[in-house]
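# A structural walkthrough
Given next are the chains, with one letter for each unit.
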Amino acid sequence: MTYKYFPHTDADVQAMLQRCGLRSLDDLYTDIPDELQFHRDYDLPPAMSEVELRRFFDTLGSLNNTLTCFAGAGTYDHYSPSVVQDMMRRSEFLTSYTPYQAEISQGTLQYIFEYQSMMSELTGMEVSNASMYDGATATAEAMMMAVAAGKKRNRILISATLNPMMVRVIETYAKFHGVAIEIIEQEGGVTSRADFEQKVAQPDVAGVIVAIPNFFGIVEDYTGWADTCHANKALFITTCVASTLGVLKTPGEWGADIAVGDGQSLGIPMNFGGPGLGFLCTSKKLIRKMPGRIVGATTDVDGKCTFVLTLQAREQHIRREKATSNICSNQSLMALYVTMYMALMGSRGLRQVNEMGYSGAHYLADQLVKSGKWALAYPDKPFLNEFVVRTKLDIDALQQECAQDGIHAGVRVGSDTLLLCVTEMRTREEIDNMVDILTH
């Protein structure tokens, strides 16, 4: 075949157009307003050889300004074993689409099953789906699960300590599904217990969403929160930074009904912004409200272990207007990535990653505070590897100076506050270099 990935001949195309009552492929786009259509030639170079093409993209890649990263806020610079890149390219794992035909998709089904098993263990929950797009949409889908489970309840409480970018996605979902969003106030960087208890008592509250750790990097204490939610017939939902669950109390231990978040911190490279991986884990009683699919293990006619698609709500395909979610796909390639990562790192490796991040972050915080020019914004609150500092210095100017020296110096979260993050990737020399710039 001359064109391996373009199987339609001109005759095939004409036959399809005739069946559709169209004269040309351009007729397929007549419903798109003219002002939205692209009427220029594409700015593409002429055909190249493989050597020329590699050189061309190497040149483009060199234009990226790769900085030493001290930023977090939802995307984290973690080490990933080099073997992951090679293993995930194996043909038995890397298939083109959804594994509906189990007999020819055993590799894909196997790693999804293993992904589900590992995520259930990591979160302490009973069930994991086969993954979702990213942490923000997974959290929004958890909101819709709570509303569906709550029947006539349509109010969701969100902690003010959630990542604001995630909140915006949740609000978009809520707007078009008729869900009321209410914010639980924060006090000193943590969710107000008093405000939570007052608001969750409202008769229309379907669920409460909190963060582990929160946007400010603080590890909050949620003792008794699940009991309070359940006493008021609401679900308790936690959105988590996946890697931190290697050392922190799990959502299951907090009594959560749904645990969601982004799996990017499980070794997926930052890639200048994506892709990430949404995970969603829950209890068995909510399995029918869960979006996506579940892969299970069974035996074939010969008694051999085999993997199959076990559960997927039919409404996601057929009665879509009655579905909890219309997401019926998953980030399978990224699920494969974190499955390889977790299998290679193990629980001991994840603990070591967090211990190194904790050590580096607390060293950085101590050095900044010791200078007298910075102070912890929440000095009495525990943090793992991310924290907020306050200063009277010009933060924008300092960040620009750091960038000129090859350093991405955190995320500004207020007029006088900066959110900083340290992972196992940061060396003592890199930390000291940034401290020198921020304190001179």
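To keep things clear, this report deals only with the structure shown in the data block. Model, not experiment: these values are computed from the prediction. (Residues numbered from 1 in each chain as written. Predicted model: local features only at pLDDT ≥ 70, side-chain atom pairs only at ≥ 80, totals over all residues. Heavy atoms only, no water.)

Applying the stated rule across the entire model yields 15 salt bridges. The shortest N-O distance in the salt bridge between Arg 23 and Asp 27 comes to 4.0 Å. Here Arg 155 and Asp 204 are joined by a salt bridge, their closest N and O atoms 3.0 Å apart. Taken together, the residues span a long stretch of sequence, with Arg 155 in strand 3 (residues 155–159) and Asp 204 in the loop between helix 7 (193–200) and strand 7 (205–212) at a distance of 49 residues. Taking relative accessible area as the criterion, Asp 204 reaches 21% and is therefore assigned partly exposed. (Salt bridge = Lys/Arg side-chain N within 4 Å of Asp/Glu carboxyl O. Helix = DSSP H or I, 4+ residues; strand = E, 2+ residues; numbered from the N terminus. Buried < 20%, exposed > 50% of the residue type's maximum accessible area, 1.4 Å probe, protein only.)

With that out of the way, let us pick up the environment of Phe 113. Note that Phe 113 resides in helix 4 (residues 106–123). Here Phe 113 falls in the partly exposed class, since its relative accessible area comes to 27%. Separated by 226 residues in the primary sequence, Phe 113 and Thr 339 have C-alpha atoms spaced 9.7 Å apart. Other than its neighbours up to four places away in sequence, Phe 113 contacts Val 295, Gly 296, Ala 297 and Phe 307. (Contact = heavy atoms within 4.5 Å.)

A few words now on the side chain of Thr 123. Along the chain, Thr 123 turns up in helix 4. Taking the relative accessible area as the measure of exposure, Thr 123 reaches 0% and is therefore buried. At a separation of 3.4 Å, a polar atom in the side chain of Thr 123 contacts the main-chain amide nitrogen of Met 125. Excluding residues within four positions of it along the chain, Thr 123 makes contact with Leu 245, Thr 250, Pro 251, Gly 252, Ala 259, Phe 279 and Cys 281. (Polar contact = N/O pair within 3.5 Å; in protein donor to acceptor, adjacent residues only side chain to side chain.)

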